[in-house]
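The chain contents come next:
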Amino acid sequence: MANYSTSEFRSGMKVMLDGDPCSILDNEFVKPGKGQAFNRVKLRNLKTGRQWERTFKSGETLEGADVVDREMEYLYTDSEFWYFMEPDTFEQYQADAAAVGDSHLWLKENERCDVTLYNGTPLSVAPPNFVELEIVETDPGLKGDTATGGTKPAKLTTGAVVKVPLFISTGEVIRVDTRTGEYQNRVSKS
Amino acid sequence: MEHWQPAADLGILRQRAGLLSTIRRFFSDRGVLEVETPQLCSHGITDPAIEPFIVADGAALARPRFLQTSPEYAMKRLLAAQSGPIYQIARAFRDGEAGARHNPEFSLLEWYRPGFDHHELMREVAALAEACLGARQVEKYSYRQLFLERLAVDPFTASVAELEAVVRSHLDPGDMAGERDLWLDLLMSHLLEPQLGAGTLCFIYDYPDSQAALAQVVSAGDVSVGQRFELYAEGMELANGYCELTDATQQRQRFERDNALRRERGQPERPLDEYLLAAMAHGLPNCSGVALGVDRLLMLMTGASSIQDVLAFDWQRC
């Protein structure tokens, strides 16, 4: 991979730092009128998800990381690995639990999601911002109660548990914001 | 071509014009003469932390010339020729300096006051800043006092290892290695500067002699200090000034020390400005001088968070 100098660092660039692939979030040039120039760089470690700030002397270089984001179709899981397919090439990839993380709560078979590959292997998986999932278990609905604003837990087909309004029943499909895990609206009535 | 349009909105360009006329009125009222000096000179700055652009080609060029990183040397030659107090609004150029507060080509207001020490000049800098920004409280800390109060470390007597430990307790510099001034620069630029001058004008003065640049060095009790000052407002460096070194022999030694550092670091050496050295040998009057970033002053006046927002055409648009 190419080397990048601090002046080339851009948000979104993927670099190797301390042996791990990292994504550059922000790069601030800091220089007193007299004295050493620095770059104050915000990074995210793509393996651990940790975000932090590292200061470099201006002009230092980092090696680029072989990291690419691909849109893939989620196929299935055998509970050890999660399988994804690139829709154009039909090439399949298996991601382990470390790569999938909490995203498994929102993966619906045959839906598109973003898979980040590092040296050709899935490093992380990001579900769509919104998914529609069916409720498999919740307390019986209070028919017609759309006004009181109370909530109850509901378990979805993926195993995720979200808070839903009291009038929602088992078998209904709801829309969830995967970034917050919050119920958005009811998609269909059973 | 999507970048043909100006970066700054026209209202800000009108404010820039107003700022320039405020500056000119300020100095005209005080009897300070406006001057202009060349931007292309046969010498470059020796300071290892500042890199000039070099103009290499042209029928009139016997050898490459350097775009000036500040008009300091030429203005000192005028002072040695008995110009009296002078100021200049100059374009300055510094390679590699680009970011939210830096554009490689920028405007410097530089002025010199024969007979002033650096404290007298700080008062005048405050008066100019207030003429542009409105009345503000003025704070002054010595460099030493600032480090002792804010970081509980003495920048003059702490060991290099102690300074590095303070840096590492607050920041992640990775495997960075360096001398005393590197750690001091990190503490100043990352931890101290962002807090300086909130709603005020904050002067820091009397720097370690290793950071004296072109300032007089005097002994102050147990340490020697460079009579240099910086002005900060809203966490941003606005100006850098000196009670100027007038001794030509010492000046030559500092230039040569800079070039020795450049050699050590694998940077190109710079030809010394023999015109300046001859002027100083002839006699530079005791004086203080300061350079103030005009674009940054305009950022403060307009509340702009990026220097691009106050330039007609920033580096990416020309």
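Residues numbered from 1 in each chain as written. Chains lettered and ligands numbered in written order. Predicted model: local features only at pLDDT ≥ 70, side-chain atom pairs only at ≥ 80, totals over all residues. Heavy atoms only, no water.

(A) Inspection of the overall build of chain A at higher detail. Each helix and strand counted, chain A has one helix and 16 strands in total. Scaling as 2.2 N^0.38, a compact globule of 190 residues should have a C-alpha radius of gyration of about 16 Å, whereas chain A reaches 22 Å, well beyond that. Dimensions of chain A along its principal axes, counting C-alpha atoms only, are 70 × 40 × 25 Å. The buried share of chain A, reckoned over its 190 residues, is 44%. A separation threshold of at least 6 residues defines the contact pool for chain A, and within that pool the share at least 24 residues apart is 44%. Taken together, the 22 basic and 30 acidic charged side chains of chain A have centroids lying 8 Å from each other. (Helix = DSSP H or I, 4+ residues; strand = E, 2+ residues; numbered from the N terminus. Rg over C-alpha atoms; globule rule 2.2 N^0.38 Å. Buried < 20%, exposed > 50% of the residue type's maximum accessible area, 1.4 Å probe, protein only. Contact = heavy atoms within 4.5 Å. Lys, Arg positive; Asp, Glu negative; His and termini not counted. Charge placed at Lys NZ, Arg CZ, Asp CG, Glu CD.)

(B) Structural context of the overall build of chain B. Summing up its helical and strand segments, chain B has nine helices and twelve strands in all. Here the C-alpha radius of gyration of chain B, 20 Å, is about what a compact globule of 318 residues would show, namely 20 Å. Its C-alpha atoms give chain B principal-axis dimensions of about 50 × 45 × 45 Å. Here chain B, with 318 residues, has 53% of them falling under the buried criterion. Within chain B, contacts between residues at least 6 apart in sequence are counted, and of these 69% link residues at least 24 apart. Treating the 30 positive side-chain charges of chain B as one cloud and the 45 negative ones as another, the clouds have centres 4 Å apart.

(C) Structural detail: the pairing of strand S8 (residues 82-85) of chain A. All names here are of chain A. Here S8 shows no split at all, with Trp82 and Phe84 on one side and Tyr83 and Met85 on the other all buried. From the end of strand S7 (residues 67-77) to the start of S8, which pair antiparallel, there are four residues, and Ser79 there has a positive phi angle of about 70 degrees. Inspection of the sheet shows S8 paired to strand S9 (residues 92-95) by four bridges, in the antiparallel sense. Residue pairing for S9: Trp82 is matched across the bridge by Ala95. The turn linking S8 back onto S9 is made up of six residues, and Phe90 within it adopts a positive phi angle of 60 degrees. (Pairing = 2+ DSSP bridges.)

(D) Seen up close, the sheet that holds strand S11 (residues 121-126) of chain A. Residue and element names in this part refer to chain A. Taken together, five strands build an open sheet; the order of strands is S9-S8-S7-S10-S11 and the sheet is antiparallel. The open sheet terminates on both sides in strands that have one partner only, identified here as S9 and S11. This sheet shows a mean twist of 45 degrees between the axes of neighbouring strands, independent of strand direction. Sheet topology places S7 next to strand S10 (residues 112-118); seven bridges connect them, and they run antiparallel. From the neighbouring strand, Val67 faces S10, where its bridge partner is Tyr118. (Axes fitted to C-alpha atoms, helices over the stretch in contact; angles between N-to-C directions.)

(E) Broad picture of the nonpolar core. Residue and element names in this part refer to chain B. Within the largest apolar cluster, 36 residues are counted, with the highest numbers of intra-cluster contacts made by Phe27, Leu109, Trp111, Val125, Leu128 and Phe229. Listed by contribution, the elements that provide at least two residues to this core are helix H1 (10-29), strand S6 (105-114), helix H3 (118-133), strand S8 (200-208), strand S10 (223-233), strand S11 (236-243), strand S12 (287-293) and helix H9 (294-302). For this core, the element with the most residues is H3, which contributes seven residues. What Leu128 contacts, discounting residues up to four positions off in sequence, is Ile23, Phe26, Phe27, Leu109, Trp111 and Leu292. If you look at the next biggest cluster of nonpolar residues, it comprises 30 residues, including Val166, Met176, Leu186 and Ile204. (Core = buried A, V, L, I, M, F, W, Y, C linked by side-chain atoms within 4.5 Å.)

(F) Quick peek at helix H2 (residues 72-80) of chain B. Residues and elements named next belong to chain B. Most of H2 is tucked away: seven of the nine residues are buried. Among all positions in H2, only Glu72, Tyr73, Ala74, Met75, Lys76, Leu79 and Ala80 are buried. For H2, the elements touching its buried residues are strand S5 (86-93), S6, S11, helix H7 (248-264), helix H8 (274-283) and S12.

(G) A look at empty space enclosed by the protein. Counted by the stated rule, this structure contains one cavity of 30 Å³ or more. Quantified by volume, the largest cavity comes out at close to 70 Å³. Together, A:Pro32, A:Lys34, B:Tyr143, B:Leu184, B:Asp185, B:Met188, B:Tyr207, B:Gln211, B:Arg228, B:Glu230 and B:Tyr232 line the largest cavity. When residues of the lining of the largest cavity are traced back to their parent elements, those giving at least two are helix H6 (180-192) and S10 of chain B. (1 Å grid on protein atoms, 1.4 Å probe; cavity = no way out; pocket = protein on both sides within 12 Å on 5 of 7 lines; lining within 4 Å. Points joined across faces, edges and corners; volume = space filled by probe spheres on them.)

(H) Expanded view of the interface of chain B and chain A. Taken together, the contacts link 25 residues of chain B with 16 residues of chain A. Taken together, both faces of the contact between chain B and chain A bury some 1900 Å²; the carbon and sulfur share is 53%. It is B:Asp172, B:Asp185 and B:His190 in chain B that bury the most area against chain A; as a group they hold 27% of the surface buried on that side. At the surface where chain B touches chain A, the tally comes to three salt bridges. Inspection of the chain B/chain A interface yields eleven residue pairs in polar contact (both at pLDDT 80 or more). At five residues, H6(B) tops the list of elements feeding residues into the side of chain B that touches chain A. (Buried area = accessible area lost by both parts, 1.4 Å probe. Salt bridge = Lys/Arg side-chain N within 4 Å of Asp/Glu carboxyl O. Polar contact = N/O pair within 3.5 Å; in protein donor to acceptor, adjacent residues only side chain to side chain.)

(I) Just the environment of B:Glu51, in detail. All names here are of chain B. Among the structural elements, Glu51 can be located in the loop between strand S2 (40-41) and strand S3 (54-55). On the basis of relative accessible area, Glu51 is assigned to the partly exposed category, the value being 21%. Taking the C-alpha atoms as reference points, Glu51 and Leu13, separated by 38 residues in sequence, lie 29 Å from one another. Setting aside its immediate chain neighbours within four residues, Glu51 contacts Thr69, Arg94, Asp95, Arg262, Gln267 and Arg270. Engagement of the side chain of Glu51 in a polar contact is seen with the side chain of Arg262, the distance being 3.0 Å. Reaching out from Glu51, the side chain makes a polar contact with the side chain of Gln267 at a distance of 3.0 Å.

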